[in-house]
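These are the residues of each chain, in order.
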Amino acid sequence: MTAKSTDEAQAPRDFNVLYVVGIIVSTTFGTMSYGFLTPLIVVNLSNHGFANLPIGAVLGAWYAPIFVLSRSYASILGSVGGRAGSIWGLLFASLSISLFGIAVNPYYWIVLELTGGAAFGAAWVFTESLINYLTPADRKGLVLTIYGISPPLGAMLGSLLPRVFGIAGQLPFLIAAALMALGLLTLVACYLKNPPRPIEGRVESPAGAGRGGFFNLAAGSPYLLILAFLSGVFEEAPWGMLSAYALQQGVAAQSAILFTSVFLAGQVALTIPIGMLADRFSHSNVLKYVAICIFALTLLVHFCIAGPFRWPLIFIWAPFVSVVYPLSLALMGDRYSAEQLISINALFVMFYSLGSLIGPVIIGLAMDLVGAFGFPLVIAGLALVALVSIRVSARNSD
C-alpha cells in the first residue's frame, strides 16, 4: 500500500458543505428509486405466477455486475473522468428502470437489472470516493455516517411508495426512474457549482494496470478489505434475515416484521453520534469498540428475544452493526491519496458487495444447521474477526 503522506493527510480541505450535502441527497434519491423498484419486482412477478427462484435472481442481478466490474471501475473513471462517468452511470440506470414496465418477464428484467446495476456502480464508486476526499479527517466520522444512513433511509422511503403509486402498469416504474433521475440532476447541480478537484483528474489505477496491480493493491490493504466484506454482511443480514430469525425463535409474525422497523429506527437515530465519537477519539479506536459492542449486543438480543427488552436492545444494536461501513470508509480516506482513492474504493465496493451477496446465505445455512442460534453465532463470530482485523490494521499503520 502506498499511503498518503502525513502532510497530505493533515492538509486543510476546502470543505464545501453544500457539495457534500448534494452527494448525500443524490445517494438518497438513488436508493429511494431502488427501494421502490424492489417491491414492484417482487409483487408483479408473484402476481404473474413466477416462483421464488426467478424473483430472487432478478433481485440479485442489480449487485452482481457491481461485484464483477469493481476491478474495472477505476480504469473506466480514469478514462472518461469521474464526473462524466457518474453522470452517464445514473443516466443509464434511470433509463434501465424506465423500461421495466414494458413487459413483466424475469429474463427481460434480469437484463435491465444487470445494465442498471453496472451503470449505477460507476456513480457509486466515484461519488463515495469524492465525499471521502472532500471531507477533512476531523469530520469524516460525522459526514460519512450521515452518508452511510442515506441508503437505508432512501430504501425505506422508497418501500412506502407502492402505497401511493400502486404496483401495476408502467407508471410506478417511471416514478422509480424519475427518482433516479432526480439523483442525477442533484449531482449535476453539484458539479456545475463547484470546480473540479484533484480526485476528478488523473487516477492512479493499479486496478486498471493489469491483474498484478489489482492484487498488489488488495494485498496492501487486506484488513481494510476484510472490514468491507464484514460491513456488507452486517448491513445486509438484518434486512434479509432478522425477521426470519425472529419467526424461528417463535415470535409472532406481526412482531417479527417490526424487528426490521426498530432496527432501521436505531440505525437512523444513533449512527451519527458514533461517527462524532470517532472524530473525537480516532476512527480505528472507535471501530474496535464497535466490534466489541456488536459481539456483546448480538448475544444479548438472542437471549432476550422473548422478553420486553428485545426492542431497546435491537434499537441500540442497530447503529453498531451499521457504522462499520462508514467508519471503514473513514479509515480508507485517512490512508490513501486522492489519486489512489478511487482504485481502493472500487476494491472496497467489490468486497462489500461480496459480503452483501453471500452474508444472508451464510446466515441462512447456519440457521438451517444449528437452528435460530445460527444468526447470532455468525454475526458475533464475524464481530471477533472485525476486532482482530482492526487491531492488526492499526498496528501495521503505526
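Keep in mind that this is a model prediction, so the values were computed, not measured.

About the thresholds
- Residues numbered from 1 in each chain as written.
- Predicted model: local features only at pLDDT ≥ 70, side-chain atom pairs only at ≥ 80, totals over all residues.
- Heavy atoms only, no water.
- Helix = DSSP H or I, 4+ residues; strand = E, 2+ residues; numbered from the N terminus.
- Contact = heavy atoms within 4.5 Å.
- Phe/Tyr/Trp six-rings, centres within 6.5 Å; stacked < 30°, edge-to-face > 60°.
- Buried < 20%, exposed > 50% of the residue type's maximum accessible area, 1.4 Å probe, protein only.
- Expected span 1.5 Å × (residues − 1).
- Polar contact = N/O pair within 3.5 Å; in protein donor to acceptor, adjacent residues only side chain to side chain.
- Patch = residues over 30% accessible without salt bridge, like charges linked within 9 Å, V, L, I, M, F, W, Y side chains within 5 Å.
- Areas by Shrake-Rupley, 256 points an atom, 1.4 Å probe, with all protein chains shown as cover.
- Salt bridge = Lys/Arg side-chain N within 4 Å of Asp/Glu carboxyl O.
- Axes fitted to C-alpha atoms, helices over the stretch in contact; angles between N-to-C directions.
- Parallel < 35°, antiparallel > 145°, perpendicular 65-115°, else oblique.
- Left-handed = near helix turned anticlockwise from the far one by under 90°.
- Nonpolar A, V, L, I, M, F, W, Y, C, P; charged D, E, K, R; others polar.

Account for the environment of Tyr 147, naming residues and giving values.
In this fold, Tyr 147 is placed in helix H7 (residues 140-160). Discounting residues that sit within four places of it in the chain, Tyr 147 has contacts with Ile 24, Thr 27, Trp 124, Glu 128, Ile 131 and Leu 329.

Run through the packing of aromatic side chains, naming residues and quoting values.
Overall, the coordinates contain 16 aromatic pairs when judged by the stated rule. Considering the side-chain rings of Trp 62 and Phe 120, the 5.8 Å spacing of their centres and the 50 degrees angle between planes classify their relative orientation as tilted. Separated by 58 residues along the polypeptide, Trp 62 in the loop between helix H3 (52-61) and helix H4 (64-80) and Phe 120 in helix H6 (residues 106-134) bring together distant segments of the chain. Of the residues examined, Phe 120 reaches a relative accessible area of 15% and is grouped as buried. Taking 5.2 Å as the distance between ring centres and 50 degrees as the angle between the ring planes, the aromatic pair formed by Phe 100 and Trp 109 counts as tilted. An aromatic cluster of at least three residues, connected via ring pairs, comprises Tyr 34, Trp 62, Tyr 63 and Phe 120.

Can you tell me about helix H13 (residues 283-303), naming the residues and giving the values?
The end-to-end C-alpha distance of H13, which contains 21 residues, comes to 30 Å, matching closely the 30 Å that a straight helix rising 1.5 Å per residue would cover. Those residues of H13 lying buried are His 283, Ser 284, Val 286, Leu 287, Lys 288, Val 290, Ala 291, Ile 294, Leu 297, Thr 298, Val 301 and His 302.

So, the side chain of Thr 27: which residues are in play, and what are the values?
Relative to the helices and strands, Thr 27 is located in helix H2 (residues 17-47). Judged by its relative accessible area of 15%, Thr 27 is buried. From its side chain, Thr 27 meets the backbone oxygen of Ile 23 in a polar contact 2.9 Å long. Contacts of Thr 27, omitting those with residues within four sequence positions, involve Tyr 147, Ser 150 and Pro 151.

Mind laying out the environment of Ala 228, listing which residues take part and the relevant values?
Its location among the elements puts Ala 228 in helix H11 (residues 222-248). Given a relative accessible area of 0%, Ala 228 falls into the buried group. Separated by 158 residues in the primary sequence, Ala 228 and Ala 386 place their C-alpha atoms 9.8 Å from one another. If we skip the residues at most four places from it in the chain, Ala 228 touches Phe 348, Phe 351 and Tyr 352.

Lay out a nonpolar patch on the surface with the relevant residues and their values.
A cluster of nonpolar residues, Phe 303, Leu 365, Leu 369, Val 370, Phe 373 and Leu 377, forms a patch on the protein surface that exposes about 630 Å² of accessible area. With respect to the secondary-structure elements, Phe 373 resides in the loop between helix H16 (338-370) and helix H17 (374-397).

So what's going on with the packing of H13 against helix H15 (residues 324-335)? Residues and values would help.
Orientation of H13 relative to H15, taken along the N-to-C sense of each, is 155 degrees, at an axis distance of 10 Å. Viewed along their axes, H13 and H15 adopt a mutual orientation that is roughly antiparallel. Both H13 and H15 take part in a crossing whose hand is left-handed. Residues His 283, Ser 284, Val 286, Leu 287, Val 290 and Ile 294 of H13 pack against Val 324, Leu 327, Ser 328, Ala 330, Leu 331 and Asp 334 of H15. Within the contact of H13 with H15, the residues separate by chemical class into eight nonpolar, three polar and one charged.

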